[in-house]
Amino acid sequence: MELNNSRIIKVDNKSTSIAEKRNRPRPASNGMQVEFFKHNVGREELESVKAVADSLFLTTGEVVDRFEANLASYLGVKYAVGLTSCTGALHLSLLAAGVGAGDEVITTPMSFVATANAIGMAGARPVFVDVEPETGNIDANLIEEAITPKTKAILPVHLYGQMVDMKKILVIAKKHNLKVVEDAAHALEAKRDRIRPGTRSFAACFSFYATKSITSGEGGAVVTQDEKTAKKIRQLRSHGITAEAAQRHRTGVKTYDVDDLGWKYNMDNIQAALLLPQLARVEAVWKRRHEVAEYYRQAFERAGIEMPSAGAGKHAHHLFPIWVSPRKRNAVLSAINSAGIGAQINYPPIHLFTLYRNLGWKKGMFPRAEKIGASAISLPLYAKLTDAEVEYVTDTVTRIVKES
Ligand SMILES: *Cc1c(COP(=O)(O)O)cnc(C)c1O
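The sections below set out a description of the structure shown in this document. If you're wondering where the values come from, they're calculated on a predicted model, not measured in any experiment. (Residues numbered from 1 in each chain as written. Predicted model: local features only at pLDDT ≥ 70, side-chain atom pairs only at ≥ 80, totals over all residues. Heavy atoms only, no water.)

**Describing the pattern of salt bridges**
At step 1: All chains considered together, the criterion is met by 17 salt bridges.
At step 2: Notably, a salt bridge pairs glutamate 68 with arginine 237, separated by 2.9 Å at the nearest N-O pair. One end of the pair, glutamate 68, is in helix 3 (residues 62–75); the other, arginine 237, is in the loop between helix 7 (227–236) and helix 8 (245–251), with 169 residues separating them in the sequence. In this pair, the class of glutamate 68 matches that of arginine 237, namely buried.
At step 3: For glutamate 291, the salt bridge is made with arginine 288, and the minimal N-O distance between the two is 2.6 Å. Here the residue glutamate 291 and the residue arginine 288 both occupy positions in helix 10 (residues 282–302), the gap between them amounting to 3 residues, near one helical turn. For the pair formed by glutamate 291 and arginine 288, the shared burial category is buried. (Salt bridge = Lys/Arg side-chain N within 4 Å of Asp/Glu carboxyl O. Helix = DSSP H or I, 4+ residues; strand = E, 2+ residues; numbered from the N terminus. Buried < 20%, exposed > 50% of the residue type's maximum accessible area, 1.4 Å probe, protein only.)

**A few points about the side chain of serine 93**
At step 1: Tracing the backbone through its elements, the reader meets serine 93 in helix 4 (residues 86–96).
At step 2: We classify serine 93 as buried; its relative accessible area is 0%.
At step 3: Not counting residues within four places of it along the chain, the set of residues in contact with serine 93 comprises Val181, Phe202, Ala203, Cys205, Val222 and Ile233. (Contact = heavy atoms within 4.5 Å.)

**So, the pairing of strand 4 (residues 151–155)**
At step 1: In terms of residue burial, strand 4 counts as a mostly covered element, since 4 of its 5 residues are buried.
At step 2: Pairing between strand 2 (residues 104–107) and strand 4: 4 bridges, direction parallel. When the sheet's bridge partners are listed, threonine 107 is paired in strand 4 with leucine 155.
At step 3: Pairing analysis gives 2 bridges linking strand 4 to strand 5 (residues 179–183), with the strands arranged parallel. Looking at strand 5, one finds that alanine 153 is bridged to lysine 179.
At step 4: You can see the chain leave strand 4, run along helix 6 (residues 166–176) and come back into strand 5, and the turn it takes is right-handed. (Pairing = 2+ DSSP bridges. Right-handed = clockwise from strand over helix to strand, strands pointing away.)

**A look at a positive patch on the surface**
At step 1: A cluster of basic side chains, namely Lys167, Lys191, Arg194 and Arg200, defines a positive patch on the protein surface.
At step 2: Topologically, lysine 167 is positioned in helix 6.
At step 3: Using a relative accessible area of 47% as the deciding quantity, one classes lysine 167 as partly exposed. (Patch = residues over 30% accessible without salt bridge, like charges linked within 9 Å, V, L, I, M, F, W, Y side chains within 5 Å. Areas by Shrake-Rupley, 256 points an atom, 1.4 Å probe, with all protein chains shown as cover. Lys, Arg positive; Asp, Glu negative; His and termini not counted. Charge placed at Lys NZ, Arg CZ, Asp CG, Glu CD.)

**Considering unusual backbone geometry**
At step 1: Of note, the amide linkage connecting asparagine 346 to tyrosine 347 takes the cis form, showing an omega dihedral of 10°.
At step 2: Here tyrosine 347 is to be found in the loop between helix 11 (329–338) and helix 12 (354–357).
At step 3: The backbone phi angle of arginine 194 is positive, close to 60°, even though this residue is not glycine.
At step 4: The residue arginine 194 is located in the loop between strand 5 and strand 6 (203–207) in this model.
At step 5: Among the residues examined, arginine 194 registers a relative accessible area of 77% and is labelled exposed.
At step 6: Positive phi, normally seen in glycine, also occurs at histidine 239, with a value near 65°.
At step 7: With respect to the secondary-structure elements, histidine 239 resides in the loop between helix 7 and helix 8.

**Overview of the environment of lysine 167**
At step 1: Distance from lysine 167 to alanine 140, taken between C-alpha atoms, is 9.6 Å for residues 27 residues apart in sequence.
At step 2: With sequence-adjacent residues up to four places away left out, lysine 167 is seen in contact with Asp193 and Ile195.

Structural data, given as structure tokens:
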């Protein structure tokens, strides 16, 4: 496939700010500078935030309601609840699923640490199972043998944007009466076997953190098909109070009750204002990432460089990792960085962090996740990459890996 100018999808051209133009990668003496990530926040988002600043409610209110409605409609689910992070979304989803002290939640060690930490925040213990060697996703075939009488839920992660085998996981969950909470932080645009995040599970959690496909700097959401769950999470996002400020303002009811211990995770109107225009463009932006990912894949396949398999269904293309020999990985990563290319490791396996080692996990327990953690290098993948940058990354990474 050729990446020529005619194929570039012009994403959000008009909303590129002057400040962003000044920050465009300048050709360094040794070539190009390619950032690891660039967001798509521009003029439309600033206008949308200005409208909030000119209005009465800065915190959770009508703009959050609108974002929730649009997110639910985009995903084809009944309810969405706006929060301040995906970590909070996972925490509250587990609480709403009835997970608490003494319970176990089955999850993957190959994810961002938030996934397992949220289980601890709910008072429960993570039970890790190893991943598929070809995708890095939780291996659904290993889940059943990890179930104990204490197991309450399964928390799969759609790693890098490739959905896990939800069909298989939903069958296991039904058989053992477990709730499925999806960590869909990478998977807003994903679909597999006609299943999208949140459409068939107890709940799915999204992140709008700075490097995610739509972002408010920090932000998150839970989506669910269940009205009671949505209501519970809405209450738990604001200290457990029965009516948030905007609701009291709207209804004129001045008092409220607190009947459960909640947290402070409510998305505000400023975050929602940043997200609304990005959500409207999400498919166009995804298309450009898809194009870049396809170009990388074909070029690296030709060069004999390993990477996760393309997977099944629609990949959300949140991250694009390659896999290099663990002995050479850090040197290759440094060389890529020295060539002016932003790259990073996704992820160091969770069970090998000191916190988790102190709780009893050890090296060797999940060899496939450990191998991926020792081999992975994520390359720049975002819609603002120019064709010249994509070619520079492809050529430079291929050369460095070959010379290593
Ligand atoms: C980013 C991320 C999170 C955490 O999201 P926050 O919004 O920063 O809390 C959780 N899980 C995965 C897989 C992520 O990539």
